[in-house]
Amino acid sequence: MASSTRRTDILSLIHIRSDGRRPHEIRHMSCHLGALPSTACGSALPTSACSGSALVSMGLTQVLCVVRGPCDIGRRSDELPDRATLDVSMRTTPFSSPGDRRNVNPSTDRRLIEQSHLLQKVLSASILLHLYPKSKISVTVMVLADDGGRLEAAINAATLALMDAGIPLKDMVCACSAGRWNAGGSDDIVVDLNRREIQTATGMGGGGGGTSDTIYLPVATMPQRGTIVLSQCESRLSGDADAFAQVLEAAMVGCQMVMDVMAAAVRERGMGLWKAKEGKANVMLNDW
Amino acid sequence: MSNPLLHHHFVLPGQVLATSHSESDGGFLRGHGTYIELVPDDDDENDNDDDDEDQALGGGRGVAGTSSSFGKLKKKSSSGGGGAEGWGNFDTSNVVMQTAVGDDNHRGGGSAMADTNDDNDNTNNDQQQEAPLLSKGPQRLIASVAGTVERVNKLISVIPLSPSIYNGQVGDLVIGRIVGVGGSRWKVSLTCSSPSSSGSSGSMKEGQLPLSGVNLPGGVQRIRTSEDVLAMRSLYREGDLLTCEVQQVQKDGTLILHTRSLRYGKLENGVLVTVPPHLVGRRKNHFVTLRGLGGKKKRGGNTDISDSMNVDNEGVDEDGDENEDGSNVDVYLGLNGGIWIQRTVPSRWENAIRADQDERAPLAETLQKLRQRHASTRVSTSMREGIARVRNSIDCLRLVHCQISPESIELVARASLDAGVRVADMLLPEWVVKLTEGTRRH
């Protein structure tokens, strides 16, 4: 350790993180259901082949999710006889991440492939796919801005978009991350890490490693039944199961907070539709 | 301002609607938007207590003590929905956690991933309309969509917030567009999306119209031959709009359609509007006629121009008589959300055609000629304005999420006539709100 104290060290002494949050505070989260025009709203526009959409921002991370379906599968060979196929693709915009501005190819970028795969697993745990055999539900996630935790934001956005599309879900899936690192001499468990904190927790490259007692753990749960759907830890656990349990617990509490925000957003949407029917809403013509 | 009723009955996916304790009868029936699962064994007795919150089971490694905080949060959020028999009754005790650490397939390190394939899944036979009373043990009814709860005696269902999915029933009138011909059947897009839009069939499954489900020209009844298969495009080709009826719903939800009635068939010379399917309710008759909306009436100001233009319509247009039919508009309310508007075919056309042909000509032939005449006759300007007014009335109703029925369409259209609104102005926000005012007085 250098003799000069950095600003972050001072903040960590009073348990405030670099962006001013307390350890167990999630980032400001806003959700917007029905962000895109959808066929559900009766548009005959060819661009609006979606049945539900949601825009979720967690802090500076912003993610747009579009759900289409259940619709026909193009190829017969892809059909499943007893349930719907879930097609998930995750993409990033070239301007999404602050560091490298390369346009990553979603079909070859390993991080994106892995995260789409995780998202697919998470969603298929929740969607009642057996209700729509031989059809396809496609979920497309576009990462508009990436300040860490894009997988969590994507899961939350996908849940909301599916709800917007009216696709039956077993439960709402909410995702939040938690982490632990040894900063300023004390162990800190923090919730909903941003990019900078993730880099601290995983080592600078973000590719794994880090020191032995740092953990970064994205978790997705179904908060109403308390089931964990996803918990992905890439850090090396130094035989310290207690630390992992604590981080997991913190993440689950974070998921509950995320759930509350999402539930409020859905209720708000419901109220909006109700009020439109009552003629109290501002009728927007571009709300096709 | 906020409707307390809505608040009380608004549920989210995963929310427990009701729990039945008795082993014999369920105490509830499963409606739309819900599913049933067994309450896990380990908390049979104490559904409503939160004394066994520490039952959190760790799959791979012990994770305990997380649920106490959840219990409080859940209690808080469920407090709004108190009421009869287990409304908003979260059982906090059902905390089942699974964390399988280290045995993941695609990442060698410490990646952990656990699906919720626990024992709950064996009760997911959601397709039956009624809940089959499953083997034993307490069951609970859980919402699967976000929406408002509706309850009829024992039947509990959730009306979705934005039901974009059309679930067909036998006998439904739908309006679709042909997107494919082949295999002795037509593929019908029920979103009415245009065939050019890059092969995307919209967000609904396509319907199937088999060759045996159409009337052959002239109304002859015979077995379809291979010549008929080759001549399919002469009946309907890609891009054609048609009305049809659902003949059969297959197990996987595919709709088999038919047009074996003289009322069904190709749609020409009119306007299509698409609305969310849930706005069109099932009713006795989906072919409705709105009387006196198709122009021909002296109205304020702006219609003068169109009336004067009507004079130089080259005589093609025959709506101009004093005939009552001249001002009527036909509306076909498709249950998939497609709505077709066209002029009402005047009854004297039919009389004229009948007079031309001999007595014993089949009705099918007459109607076919009538259809041809409708397709080839130009629509007068005033009638077009009437059709456009009806179209915009439907659009107004869609924008305020109001149920679309002949009465509500007529109400909006009449309101616009009374207010002297130009057809193009009807969709301005202030007019939308004003014109649909009448639909809100329940």
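Residues numbered from 1 in each chain as written. Chains lettered and ligands numbered in written order. Predicted model: local features only at pLDDT ≥ 70, side-chain atom pairs only at ≥ 80, totals over all residues. Heavy atoms only, no water.

**Quick look at the overall build of chain B**
Working step 1: Within chain B one finds 10 helices and 18 strands.
Working step 2: Contacts in chain B between residues far apart in sequence, at least 24 positions, make up 70% of those at least 6 positions apart.
Working step 3: Surface summary for chain B: the accessible area is close to 20000 Å², and the carbon and sulfur share equals 50%. (Helix = DSSP H or I, 4+ residues; strand = E, 2+ residues; numbered from the N terminus. Contact = heavy atoms within 4.5 Å. Areas by Shrake-Rupley, 256 points an atom, 1.4 Å probe, with all protein chains shown as cover.)

**Brief notes about the overall build of chain A**
Working step 1: A count of helical and extended segments in chain A gives 5 helices and 9 strands.
Working step 2: Reading the secondary structure of chain A in the N-to-C direction produces α-β-β-β-β-α-β-α-β-β-α-β-β-α.
Working step 3: Buried positions account for 56% of the 288 residues belonging to chain A.
Working step 4: Counting contacts in chain A only where the partners sit at least 6 residues apart, residues at least 24 apart contribute 71% of the total.
Working step 5: Here chain A has roughly 11600 Å² of accessible surface; of this, 53% comes from carbon and sulfur atoms. (Buried < 20%, exposed > 50% of the residue type's maximum accessible area, 1.4 Å probe, protein only.)

**As for helix H9 (residues 406-419) of chain B**
Residue and element names in this part refer to chain B.
Working step 1: In a regular helix each residue adds 1.5 Å, so 14 residues correspond to 20 Å; H9 covers 20 Å between its end C-alpha atoms and thus fits that length.
Working step 2: Buried within H9 are the following residues: Pro406, Ser408, Ile409, Val412, Ala413, Ser416 and Leu417.
Working step 3: Turning to H9, the residues buried within the fold contact strand E16 (287-290), strand E17 (329-333), helix H8 (381-399) and helix H10 (429-435). (Expected span 1.5 Å × (residues − 1).)

**Side note on the pairing of strand E10 (residues 185-189) of chain B**
Looking down a regular strand, the side chains alternate between one sheet face and the other.
All names here are of chain B.
Working step 1: Judged from the 5 bridges that link them, strand E9 (residues 173-182) and E10 form a sheet pairing that is antiparallel. Paired with valine 181 across the bridge in E10 is tryptophan 186.
Working step 2: As consecutive antiparallel partners, E9 and E10 are separated by 2 residues, and within that stretch glycine 183 has a phi angle of approximately 65 degrees, a positive value.
Working step 3: One ladder, built from 4 bridges, connects E10 with strand E11 (residues 207-210); its direction is antiparallel. Considered in E11, the bridge of tryptophan 186 is made with leucine 209. (Pairing = 2+ DSSP bridges.)

**Overview of the pairing of strand E13 (residues 255-258) of chain B**
All names here are of chain B.
Working step 1: Residue alternation in E13 divides its side chains into two sets, Leu255 and Leu257 and Ile256 and His258, and both sets are buried.
Working step 2: One ladder, built from 4 bridges, connects strand E12 (residues 241-249) with E13; its direction is antiparallel. Looking at the pairing, valine 249 lines up with leucine 255 of E13.

**Some words on the pattern of salt bridges**
Pairs can form between side chains of opposite charge whenever their charged atoms are close.
Working step 1: By the definition in use, this model includes 24 salt bridges over all chains.
Working step 2: In this structure, Arg233(B) engages Glu238(B) in a salt bridge whose closest nitrogen and oxygen atoms are separated by 2.8 Å.
Working step 3: Close ionic contact of Asp425(B) with Arg422(B) constitutes a salt bridge, the shortest N to O distance being 4.0 Å.
Working step 4: Residue Asp425(B) is classed as partly exposed on the basis of its relative accessible area, which comes to 25%.
Working step 5: By relative accessible area, Arg422(B) is classed as partly exposed at 45%.
Working step 6: Several salt bridges share partner residues, and in doing so they unite Arg17(A), Asp19(A), Arg21(A) and Glu197(A) into one network. (Salt bridge = Lys/Arg side-chain N within 4 Å of Asp/Glu carboxyl O.)

**Describing unusual backbone geometry**
Working step 1: Although it is not a glycine, Lys134(A) sits at a positive phi angle of roughly 60 degrees.
Working step 2: Relative to the helices and strands, Lys134(A) is located in the loop between helix H2 (110-126) and strand E5 (135-145).
Working step 3: The backbone of Ser184(B) shows a phi angle near 55 degrees, a positive value even though the residue is not glycine.

**Observations regarding the environment of Gly292(B)**
Residues and elements named next belong to chain B.
Working step 1: Secondary-structure assignment places glycine 292 in the loop between E16 and helix H5 (303-311).
Working step 2: Judged by relative accessible area, glycine 292 falls into the buried class, the value being 7%.
Working step 3: Taking the C-alpha atoms as reference, glycine 292 lies 38 Å from glycine 180; in sequence the two are 112 residues apart.

**What about the sheet that holds strand E1 (residues 10-11) of chain B?**
Working step 1: What the 4 strands build is an open sheet, ordered E1-E7-E8-E3 (chain B); its pairing is mixed. The open sheet has two edge strands with one neighbour each: E1 and strand E3 (29-30) of chain B.

**Some words on the packing of helix H6 (residues 347-356) of chain B against helix H7 (residues 363-376) of chain B**
All names here are of chain B.
Working step 1: The contact between H6 and H7 brings their axes to 10 Å, and the two run at 125 degrees. With respect to their mutual orientation, H6 and H7 come out oblique. The handedness of the crossing between H6 and H7 comes out as right-handed. Along the contact surface, H6 presents Trp349, Glu350, Ala352, Ile353 and Arg354, while H7 presents Leu363, Thr366, Lys369, Leu370, Arg373 and His374.
Working step 2: Tallied by class, the residues present in the contact of H6 with H7 amount to 5 nonpolar, 2 polar and 4 charged. (Axes fitted to C-alpha atoms, helices over the stretch in contact; angles between N-to-C directions. Parallel < 35°, antiparallel > 145°, perpendicular 65-115°, else oblique. Left-handed = near helix turned anticlockwise from the far one by under 90°. Nonpolar A, V, L, I, M, F, W, Y, C, P; charged D, E, K, R; others polar.)

**Some words on the packing of aromatic side chains**
Residue and element names in this part refer to chain B.
Working step 1: On inspection of all chains with the given rule, the structure shows 3 aromatic pairs over all chains.
Working step 2: Ring geometry for tryptophan 186 versus tyrosine 236: centroids 5.3 Å apart, planes at 75 degrees, classification edge-to-face. One end of the pair, tryptophan 186, is in strand E10; the other, tyrosine 236, is in the loop between helix H4 (232-235) and E12, with 50 residues separating them in the sequence.
Working step 3: On the numbers, 4.6 Å between centres and 75 degrees between planes, the contact of phenylalanine 287 with tyrosine 332 is edge-to-face. Residue phenylalanine 287 is found in strand E16, and its partner tyrosine 332 is found in strand E17; the two are separated by 45 residues along the sequence. (Phe/Tyr/Trp six-rings, centres within 6.5 Å; stacked < 30°, edge-to-face > 60°.)

**Focus: the packing of helix H3 (residues 150-165) of chain A against helix H5 (residues 241-278) of chain A**
All names here are of chain A.
Working step 1: In the contact formed by H3 and H5, the axes pass within 11 Å of each other and the chain directions differ by 25 degrees. One element, H3, and the other, H5, form an angle in the roughly parallel class. In this structure, the crossing between H3 and H5 has a hand that is right-handed. Along its contact with H3, which presents Asn156, Thr159, Leu160, Met163 and Asp164, the element H5 presents Val258, Met262, Val266 and Arg269.

**A look at the environment of Ile409(B)**
Residue and element names in this part refer to chain B.
Working step 1: Mapped onto the elements of the fold, isoleucine 409 is located in helix H9.
Working step 2: Assessed through its relative accessible area of 0%, isoleucine 409 is described here as buried.
Working step 3: With 27 residues separating them in the primary sequence, isoleucine 409 and serine 382 have C-alpha atoms 18 Å apart.
Working step 4: Residues within four places of isoleucine 409 in sequence aside, it is in contact with Leu290, Val331, Leu333, Val390, Ser393, Ile394, Leu397 and Ile404.

**Details of the side chain of Ser96(A)**
Residues and elements named next belong to chain A.
Working step 1: With respect to the element layout, serine 96 can be found in the loop between strand E4 (85-92) and H2.
Working step 2: Judged by relative accessible area, which is 9%, serine 96 ranks as buried.
Working step 3: Of note is the side chain of serine 96, whose polar atom sits 3.0 Å from the backbone oxygen of threonine 93. (Polar contact = N/O pair within 3.5 Å; in protein donor to acceptor, adjacent residues only side chain to side chain.)

**Some thoughts on the sheet that holds strand E2 (residues 16-20) of chain B**
Residues and elements named next belong to chain B.
Working step 1: Strand order in this open sheet of 3 strands is E2-E6-E4, and the pairing throughout is antiparallel. Bordering the open sheet on either side are E2 and strand E4 (34-38), each of which pairs with just one other strand. Averaged over all pairs of adjacent strands, the angle between strand axes in this sheet comes to 20 degrees, irrespective of strand direction.
Working step 2: The pairing of E4 with strand E6 (residues 139-143) spans 5 bridges and is antiparallel.

Don't take any of this as a statement about function, it's just geometry.
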